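Examination of the molecular architecture
Each chain, written out:
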Amino acid sequence: MRQPNLWHKHNIFSSFQVLYKMFFKMAQISLVSTHREVYEPCDDSFALVDALLADRNNLLEHHPTLCMEVGCGSGYIITSLALMLGQKAAGVHYIATDVNPHAVRVTNETLEAHGVHAELLATDIASGLEMRLAGLVDVMVVNPPYVPTPEDEVGREGIASAWACGENGRRVIDKILPIADNLLSDKGWLYMVMLTANNPSEICLQMREKGYAARIVIQRSTEEESLQVIKFWREFNTQSRSKEMATANKTVPARVMQE
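We now turn to the structure provided with this report. (Residues numbered from 1 in each chain as written. Predicted model: local features only at pLDDT ≥ 70, side-chain atom pairs only at ≥ 80, totals over all residues. Heavy atoms only, no water.)

A word on the overall build of the protein chain
Counting secondary structure elements, the protein chain contains nine helices and seven strands. When each of the 259 residues of the protein chain is scored for burial, the buried share is 56%. Considering only contacts within the protein chain whose residues lie at least 6 apart along the sequence, 77% involve residues at least 24 apart. Accessible area for the protein chain stands at about 11,600 Å²; split by element, carbon and sulfur atoms hold 50% of it. (Helix = DSSP H or I, 4+ residues; strand = E, 2+ residues; numbered from the N terminus. Buried < 20%, exposed > 50% of the residue type's maximum accessible area, 1.4 Å probe, protein only. Contact = heavy atoms within 4.5 Å. Areas by Shrake-Rupley, 256 points an atom, 1.4 Å probe, with all protein chains shown as cover.)

See the structure below:
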């Protein structure tokens, strides 16, 4: 179950070492700031970064200009994404949000430690950004709260907000998906972590009705949960999977860069 006592530092450093060996020109990530109310990287975080690494060539050919993480936590994922795209994807603007203000501070320190920058906002999913970012996000990454819990645990402040998600673990996922649909550009990609308990096939069918294709990038089982990282993209934008990234580059409008 996705709870803070599941984090083991040796797993984190092992994952970082793999990332460093694969892309030796990048700085090795080491978390420089933690907080007892911030969810620390665990199996689900590693799975999402591994999925992005597996899809890195497609991401580079995709030429994203605006990447966004919803629920940035420690900053492990948005920092990893910025480093793996690196100078080969120059001019990318990064935005990360989290409802937990402590997470925003921790993410900022993680980003700064590795010389990368993202615009950070303490907000619920994308509250206050819907009009500004509508149709502009080329890559969205989300490791949402997904653990089935009693309904009275949902909506708590602090670290509990990082995993408690109602009877089927879908309370936050079901809120994020329509917002993602509004924010994603025509060529936008969404990478999301899910549990089998969240009924991913039903989610994919719902997204299909909105015009999205989907595929599992990584599927991973641990002692406590079975994880999937699923990638969604607008089907009308591609004729086949080989053409997922065949879209023109664009520049980020000035209004995105404004505070």
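Points about the sheet that holds strand E1 (residues 66-70)
The mixed open sheet is built from seven strands, whose spatial order is E3-E2-E1-E4-E5-E7-E6. Each edge of the open sheet carries a strand with a single partner, namely strand E3 (119-122) and strand E6 (212-221). Across this sheet, the average inter-strand angle for adjacent strands is 15 degrees, counted without regard to direction. In terms of strand pairing, E6 meets strand E7 (residues 226-234) through nine bridges, oriented antiparallel. Of the residues in E7, the one forming a bridge with Ile216 is Ile230. On top of the sheet, helix H4 (residues 76-85) reaches E1, strand E2 (93-98) and strand E4 (137-142); it is set at about 170 degrees to E2, its chief contact. Helix-sheet contacts for helix H7 (residues 171-183) involve E1, E4, strand E5 (184-195), E6 and E7, and the interaxial angle to E5 is about 165 degrees. (Pairing = 2+ DSSP bridges. Axes fitted to C-alpha atoms, helices over the stretch in contact; angles between N-to-C directions.)

Considering the pairing of E5
When you tally the buried positions in E5, you get eleven out of twelve residues, the bulk of the element. Two elements, E4 and E5, share five bridges in a ladder whose sense is parallel. The residue of E5 that forms the bridge with Val137 is Leu184. As paired strands, E5 and E7 are joined by seven bridges and run antiparallel to one another. From the neighbouring strand, Met194 faces E7, where its bridge partner is Gln228.

All we've got here are geometric facts, nothing functional implied.
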